[in-house]
Amino acid sequence: MFRSLSTAFLVVTVAATGLAPACQAASPSLSGDALAKARGQAVAKAVEFLRAKGQAADGSFTAPAGPAVTALVATAMLRSGRTPDDPTAAAALKYLDQFVQPDGGVFKPDTNHANYETCLALVCFIEANKDGRYNDRIAKAHKYIKSLQWDESEGHDPNNPAYGGAGYGKSKRPDLSNTSFFLDALKAAGDGPDDPAIKKALVFVSRCQNLESEANTTEFAAKNPDGGFYYTPAGGGNSQAGKTDEGGLRSYASMTYAGLKSMIYAGLTPNDPRVKAALEWLGKHYTLESNPGMADAGLYYYYTTFAKALDAMGQESFTDNQGGAHRWRDELANELIRRQREDGSWANENARWMEGDPNLVTGYALLALSYCQPTAKP
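Residues numbered from 1 in each chain as written. Predicted model: local features only at pLDDT ≥ 70, side-chain atom pairs only at ≥ 80, totals over all residues. Heavy atoms only, no water.

Before going further, it helps to spend a moment on the confidence of the model for the chain. When the pLDDT values of the chain are averaged, the result is 92; 90% of them are 70 or greater. Across residues 1-17 the pLDDT falls below 50, and counting only partners more than four positions away or on other chains, this stretch makes 31 contacts in the model. Within the model, pLDDT remains below 50 along residues 23-27, and this stretch shows 15 contacts once partners closer than five positions in the same chain are excluded. (pLDDT = per-residue confidence, 0-100. Contact = heavy atoms within 4.5 Å.)

Here you go:
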């Protein structure tokens, strides 16, 4: 996408700031029936890669990572038209069973990532639960992840910057990425904006935004008031994109889409100032060439979060700040098709956050493509 940006200009922009400005994109190289056919072929190639090369004999995908990658890949396959009885999906689901804990969590016993792993597994079990076979696992996992939320039950009052968030474990501060997965799982389990856990999560999400308001009086809000989102205000604050000269936390696109999606799940509308500010930031930095603010780091996580957020908005077209209208589903599908490897996989040359792993990244890409259907939504 954005091929009207010269290559030289894009390289200079990303090198200098990690941000790519919005620009009128060229027409997608494929559209309509031709794009639908190419998308179907890309999905089929990816699923075949996962079956033939990605999955181990025990049903796992990237077993050293615990159940997380297996759960994400299995969900991606299920959303790509495979059933729970498909041999590859069934083997992955059976592998996940061994991580189900008595308290309802689904994680590797020595993990520090209980929230992350259980949220991904819960979404996977819900996706596979067409005949009620996972009802018990779902109910217990649903209750378990709520027990991990940073709230009054753990001695955190609403004034604590960590309040309402979810993180990599009770001993570690929450962050927007984990809270986004937490909200994905709650929504998949049927919780709506009136659910207490979602209301609490919105408190945390609002504090991850570079926007000073009644919902965000943290020290960072006024230091970089651009409306975008960063990783966490807790534990002294952190952005994977670094700090501004004024000590503010830099916004970046994957977290801004995660924030936008989370606010929509929590019931905010496009008229809310927080949503307006997020959309304005995204309109300035709309691109599929990079993860604005992070260059190519976390690119495929970005694609997945981009797709979830814009699908949640319920709009087929996204307008950037220069007035360019983007049929984002078509643009994303074209970009992913262009980046797919000959063997059907995807992988990021920047291996940060495990994106050098073809299993994880192919899962991300399939999930993103599942939101690229022009009418049917997952």
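Another point: unusual backbone geometry. One non-glycine residue, T62, adopts positive backbone phi at about 55°. For W353, which is not glycine, the phi torsion reads 60° and is therefore positive. Turning to its location among the elements, W353 is positioned in the loop between α12 (328-339) and α13 (358-370). When its relative accessible area of 39% is taken as the criterion, W353 is described as partly exposed. (Helix = DSSP H or I, 4+ residues; strand = E, 2+ residues; numbered from the N terminus. Buried < 20%, exposed > 50% of the residue type's maximum accessible area, 1.4 Å probe, protein only.)

Moving on to the packing of aromatic side chains. To describe a pair of aromatic rings, one takes the distance between the centres and the angle between the planes. The full count for this structure, using the stated rule, is 16 aromatic pairs. Aromatic side chains Y300 and Y303 sit 5.3 Å apart centroid to centroid with 90° between the ring planes, which places their arrangement in the edge-to-face category. On the criterion of helical spacing, the pair formed by Y300 and Y303 is a turn pair, its members being three residues apart in helix α11 (residues 299-313). Taking relative accessible area as the criterion, Y303 reaches 1% and is therefore assigned buried. In this structure an aromatic cluster arises from ring pairing among Y257, Y286, Y300, Y302, Y303, F306, F318 and W328. Taking NZ or CZ as reference, R137 lies 5.7 Å from the ring centre of F125, over its face. The aromatic ring of Y265 is capped on one face by K187, whose charged end is 5.1 Å from the ring centroid. (Phe/Tyr/Trp six-rings, centres within 6.5 Å; stacked < 30°, edge-to-face > 60°. Lys NZ or Arg CZ within 6 Å of the ring centre and 35° of its normal.)

With 14 residues, helix α6 (residues 135-148) extends 21 Å from end C-alpha to end C-alpha; this agrees with the ideal 20 Å at 1.5 Å per step. Of all the positions in α6, only I138, A141, H142, Y144, I145 and L148 are classed as buried. Taken together, the buried residues of α6 touch α5 (114-128) and α7 (176-188). (Expected span 1.5 Å × (residues − 1).)

Turning next to the packing of helix α2 (residues 32-54) against α12. Where α2 meets α12, the closest approach of the two axes is 10 Å, and the angle between their N-to-C directions is 45°. Of the possible angle classes, the one that applies to α2 and α12 is oblique. α2 and α12 meet at a crossing whose hand is left-handed. When α2 is examined against α12, the residues L35, A38, R39 and A42 are found in contact with a partner set consisting of D330, A333, N334 and I337. Per-class residue counts for the contact of α2 with α12 are five nonpolar, one polar and two charged. (Axes fitted to C-alpha atoms, helices over the stretch in contact; angles between N-to-C directions. Parallel < 35°, antiparallel > 145°, perpendicular 65-115°, else oblique. Left-handed = near helix turned anticlockwise from the far one by under 90°. Nonpolar A, V, L, I, M, F, W, Y, C, P; charged D, E, K, R; others polar.)

So, about the environment of P270. The topology assignment puts P270 in the loop between α9 (253-265) and α10 (273-284). Note on P270: relative accessible area 45%, which makes it partly exposed. Non-local contacts of P270, meaning those with residues more than four positions away in its chain, are made with V275, K276 and M313.

Next up on the list: the pattern of salt bridges. With the rule as written, the count across this model stands at 20 salt bridges. In this structure, D191 engages K146 in a salt bridge whose closest nitrogen and oxygen atoms are separated by 3.4 Å. Note that D191 is positioned in the loop between α7 and α8 (196-207) and K146 in helix α6, a separation of 45 residues in sequence. Classification of K146 by relative accessible area gives partly exposed; the value is 25%. Across the salt bridge formed by R338 and E335, the nearest N and O atoms sit 2.4 Å from each other. Residue R338 and its partner E335 are both found in helix α12; the two are separated by three residues, about one turn of the helix. Judged by its relative accessible area of 0%, E335 falls in the buried class. (Salt bridge = Lys/Arg side-chain N within 4 Å of Asp/Glu carboxyl O.)

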